[in-house]
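# Topology and contacts: notes
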Amino acid sequence: MSNSNVTVVIPCYNDGRYIMEALESILNQTVKADEIIIVDDGSGEETIKILKTISSPNVQIIYQENKGVSSARNRAISLAKTDYILNLDADDSFEPTFIEKAVQVLNENENIGVVGCWYKVFGNKERNNNIIKPLGGNVRNFLVKNNALGTSMFRRKCWEVISGFDENMLYGYEDWDFWISILKDNWEMYIINEVLFNYRIKNTSRDQTAEKIHDYEIKKYIFLKHKELYFNSFEGYALQLLENNSALNQKNKQLKKSFTYKIGTLMMNPLRIFNVIINRFIR
């Protein structure tokens, strides 16, 4: 058996300015990955030039036309020779001990199918150094929202059983669907309670576009794809929705009490009065 039994999969689409940082975070792990497979998903020349400078012996680079992140991941995983797979987006990075600690969890717990961790946000001044603590756990924690990052380690056999990432999901949330597909088969996701991952927020990203433009249609797709799970878990699903709605209402109340909201309201009042006068005049 190989040293770590891990293949790291890095899809890359026009992330040439970040890919070396992501790769270095893997090459600097305390326990080394046996394979690193980078799949360029139709990037422009700038990124291609950077990828062609990579010469590490255990790094394989594959080039394909733009088919989406699910296709890129599936292609790399299909070539992997190890039992464990670690996803990493080309603009993010891991702390040096993640592979060591995640492999230990999988080696010692046969019921664990996926291992994630706490993570730090950077690249956004308002949220820099925010620590996010996903729940992981069983599939019930994933009914309403994704309680893990796509950048986690999982057993290759889990990927095989569910036929990989859903390549129909071109607009985002494919990792959420992937975890549901794995966990509903009685696997557990373990979260290492340490900040071992760095998540970059860019001005524009696929995740942001998914949330702003495609959120409803993707969530509908996930619901219908796994509707038997949702029907069987109806009570828990409904209670989570009610809890989320209550939290949102409380947040709105706090916002309305804030100084910024009150100033904004005062600034808008003259405009509202002017609009009423104009409407009456027009009529």
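Here the structure is a predicted model, which means the values were calculated and not measured.

Reading the values: the criteria
- Residues numbered from 1 in each chain as written.
- Predicted model: local features only at pLDDT ≥ 70, side-chain atom pairs only at ≥ 80, totals over all residues.
- Heavy atoms only, no water.
- Helix = DSSP H or I, 4+ residues; strand = E, 2+ residues; numbered from the N terminus.
- Buried < 20%, exposed > 50% of the residue type's maximum accessible area, 1.4 Å probe, protein only.
- Contact = heavy atoms within 4.5 Å.
- Areas by Shrake-Rupley, 256 points an atom, 1.4 Å probe, with all protein chains shown as cover.
- Core = buried A, V, L, I, M, F, W, Y, C linked by side-chain atoms within 4.5 Å.
- 1 Å grid on protein atoms, 1.4 Å probe; cavity = no way out; pocket = protein on both sides within 12 Å on 5 of 7 lines; lining within 4 Å.
- Points joined across faces, edges and corners; volume = space filled by probe spheres on them.
- Nonpolar A, V, L, I, M, F, W, Y, C, P; charged D, E, K, R; others polar.

### Overview of the overall build of the protein chain
Looking only at helices and strands, the protein chain has 11 helices and nine strands in total. Every one of the 283 residues in the protein chain was classed for burial, and the buried ones make up 45%. When contacts within the protein chain are restricted to residue pairs at least 6 apart in sequence, those whose partners lie at least 24 apart make up 77%. In the structure as shown, the protein chain presents an accessible area of about 16,300 Å², 52% of it carried by carbon and sulfur atoms.

### Details of the nonpolar core
By size, the foremost hydrophobic cluster in this structure holds 37 residues, and its most contacted members are Val 6, Val 8, Leu 86, Phe 98 and Met 153. Within the residue set of this core, elements represented by two or more residues are strand E1 (6-12), helix H1 (16-27), strand E2 (35-41), strand E4 (84-87), helix H4 (98-108), strand E6 (112-122) and strand E9 (188-200). When residues in this core are grouped by element, the largest group, six residues, is from H4. In contact with Phe 98, not counting residues within four places along its chain, are Gln 29, Leu 86, Val 115, Gly 116, Cys 117, Met 153, Ile 192 and Leu 196. In terms of nonpolar packing, the next biggest core, distinct from the first, is built from 36 residues, Ile 77, Ala 148, Trp 159 and Tyr 237 among them.

### Topic: the layout of surface pockets
Reported here for the second largest pocket is a volume of approximately 240 Å³. Taken together, 15 residues make up the lining of the second largest pocket; nearest its centre are Val 144, Lys 219, Lys 220, Phe 223 and Tyr 237. Of all elements in the fold, only helix H8 (215-225) and helix H10 (234-257) reach the threshold of two or more residues within the lining of the second largest pocket. In terms of residue count, the dominant contributor to the lining of the second largest pocket is H8 (seven residues). A breakdown of the residues in the lining of the second largest pocket according to their chemical character gives 10 nonpolar, two polar and three charged.

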